[in-house]
Amino acid sequence: MDHPGAPRRPVLDVRGLTKVYGEGAATVHALRGVDLSVDPGDYVAIMGSSGSGKSTLMNILGCLDVPSGGRYLLDGVDAGSLADRQLALVRNRLIGFVFQAFNLIPRTSALANVELPLAYAGVRAAQRRRRALAALDAVGLADRADHHPNQLSGGQQQRVAVARALVTEPALVLADEPTGNLDSRSTEDILAIFDQLNAAGRTIVLITHEPEVGARARRLVRLLDGQVRSDLRQDAVGRHAAGVLR
């Protein structure tokens, strides 16, 4: 537990992260010594072209894959020391995921989709419903709680996915190309929600290849050939202009 006045520990802290696939002539060095630290309440966009290592990094940050070398602390927990079952618990309790493809269960309601992480965590039904409704309300979809995904637009489906990511009160919201399947209007809606969440203190790490999406973050990290090539803090004026110009 952090003491009052003490420096806040990073939500995620990566040191010397490497990831190697294959052997011999087929060896691929996807990550080559990545260092990255994200403090509570930050909003970071990680950008890079295809093959830059951003998807590999996202999978490791999300505890969906393990590095070949280096260290990853998530909210003070050393992810490299955890067994598979413990990693699953960490994913459920500490990370809220938002994916490009929404990943909603088709034949169930928006409310049930948002409740799902709480069901895995063993939360009782009445409390699940209350928290899921509050999360849907936070993304402006309380009136669509009983709708199935095929009754919702792409932008609305992604808002359900954001609500599902928020419902566990995670230390980190990790979004992988969250606007990749959306039109410009829905993209703006989702980015506005991320802006509001971050303004309320939520920590967000967003993976994207779209400059206009990256411009909305407080901080922009660029990957190239498995390495961090730049890590820049962005001013509010530039981020506001990115929103206005969309």
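Before reading further, recall that the structure is shown in the block above.
This is a predicted model, so every value here is computed, not measured.

S.K.: How should I be thinking about the sheet that holds strand 5 (residues 77-78) in this particular structure?
M.R.: Across a sheet, strands are paired by hydrogen bonds formed along the backbone, either parallel or antiparallel in direction. Reading across the sheet, the four strands line up as 2-1-4-5 and stay open at both edges, with antiparallel pairing between neighbours. With one partner strand each, in any of the chains shown, strand 2 (28-38) and strand 5 form the two edges of the open sheet. As judged from the five bridges shared by strand 1 (residues 12-21) and strand 4 (residues 69-74), these two strands associate in the antiparallel manner. Considered in strand 4, the bridge of Val-14 is made with Tyr-72. Against the sheet, helix 1 (residues 54-61) touches strand 1, strand 2 and strand 4, its axis set at about 125° to strand 1.

S.K.: When you look at the sheet that holds strand 3 (residues 43-47) in this model, what are you seeing that I'm missing?
M.R.: The strand order 6-7-8-3-9-10 describes an open sheet built from six strands, whose pairing is mixed. The sheet is open, and its two borders are formed by strand 6 (95-99) and strand 10 (227-233), each paired with just one other strand. When strand polarity is set aside, the average angle formed by the axes of neighbouring strands in this sheet is 15°. Where helix 2 (residues 84-94) meets the sheet, its contacts fall on strand 6 and strand 7 (172-176), and the angle it forms with strand 6 comes to roughly 80°.

S.K.: Looking at this structure, I do not really get the nonpolar core. What am I missing?
M.R.: A general trend in soluble globular proteins is that nonpolar side chains are found buried together. Counting 38 residues, the largest nonpolar core has Val-114, Leu-136, Val-160, Val-162 and Phe-194 as the members making the most contacts within it. Mapped onto this core, the elements with two or more residues apiece are strand 3, helix 3 (110-120), helix 4 (125-138), helix 5 (154-166), strand 7, helix 6 (184-199) and strand 8 (204-208). Considering each element in turn, this core owes the most residues, six residues, to helix 5. Those residues in contact with Leu-136, other than ones at most four positions away along the chain, are Ala-110, Leu-111, Val-114, Leu-141, Ala-142, Ala-145, Val-160 and Ala-163. Judged by nonpolar contacts, the second largest core, of 30 residues, contains Val-11, Val-34, Ile-46 and Ala-79.

S.K.: So what exactly am I meant to see when it comes to the side chain of Thr-179 here?
M.R.: Position of Thr-179 relative to the elements: it lies in the loop between strand 7 and helix 6. Judged by relative accessible area, which is 2%, Thr-179 ranks as buried. At 3.0 Å, the side chain of Thr-179 forms a polar contact with the side chain of Glu-210. Ignoring any residue separated from it by four or fewer positions in sequence, one finds Thr-179 in contact with Thr-187, Ile-190, Leu-191, Glu-210 and Val-213.

S.K.: I would appreciate a short explanation of helix 2 in the present structure.
M.R.: An α-helical segment advances 3.6 residues per turn. Residues three or four places apart therefore align on the same side. Considered for burial, the residues of helix 2 that qualify are Leu-87, Val-90, Asn-92 and Leu-94. Looking at the buried residues of helix 2, the elements they touch are strand 4, strand 5, strand 6, helix 3 and strand 7.

S.K.: Can you walk me through the environment of Ser-50 in this structure?
M.R.: With respect to the element layout, Ser-50 can be found in the loop between strand 3 and helix 1. Ser-50 gets classed as exposed once you look at its relative accessible area, which sits at 77%. Linking Ser-50 and Asn-198, residues 148 residues apart in sequence, is a C-alpha distance of 27 Å.

S.K.: Looking at this structure, I do not really get the environment of Ser-52. What am I missing?
M.R.: Within the element layout of this structure, Ser-52 appears in the loop between strand 3 and helix 1. The exposure class assigned to Ser-52 is buried, which follows from its relative accessible area of 1%. Spatially, the C-alpha atoms of Ser-52 and Leu-223 are 5.7 Å apart, while their sequence positions differ by 171 residues. The contacts of Ser-52, once residues within four sequence positions are left out, are Ala-30, Leu-223, Leu-224, Asp-225 and Gly-226. A polar contact is formed between the side chain of Ser-52 and the backbone oxygen of Ser-49, at a distance of 2.8 Å.

So, how was this worked out
Residues numbered from 1 in each chain as written. Predicted model: local features only at pLDDT ≥ 70, side-chain atom pairs only at ≥ 80, totals over all residues. Heavy atoms only, no water. Pairing = 2+ DSSP bridges. Helix = DSSP H or I, 4+ residues; strand = E, 2+ residues; numbered from the N terminus. Contact = heavy atoms within 4.5 Å. Axes fitted to C-alpha atoms, helices over the stretch in contact; angles between N-to-C directions. Core = buried A, V, L, I, M, F, W, Y, C linked by side-chain atoms within 4.5 Å. Buried < 20%, exposed > 50% of the residue type's maximum accessible area, 1.4 Å probe, protein only. Polar contact = N/O pair within 3.5 Å; in protein donor to acceptor, adjacent residues only side chain to side chain.

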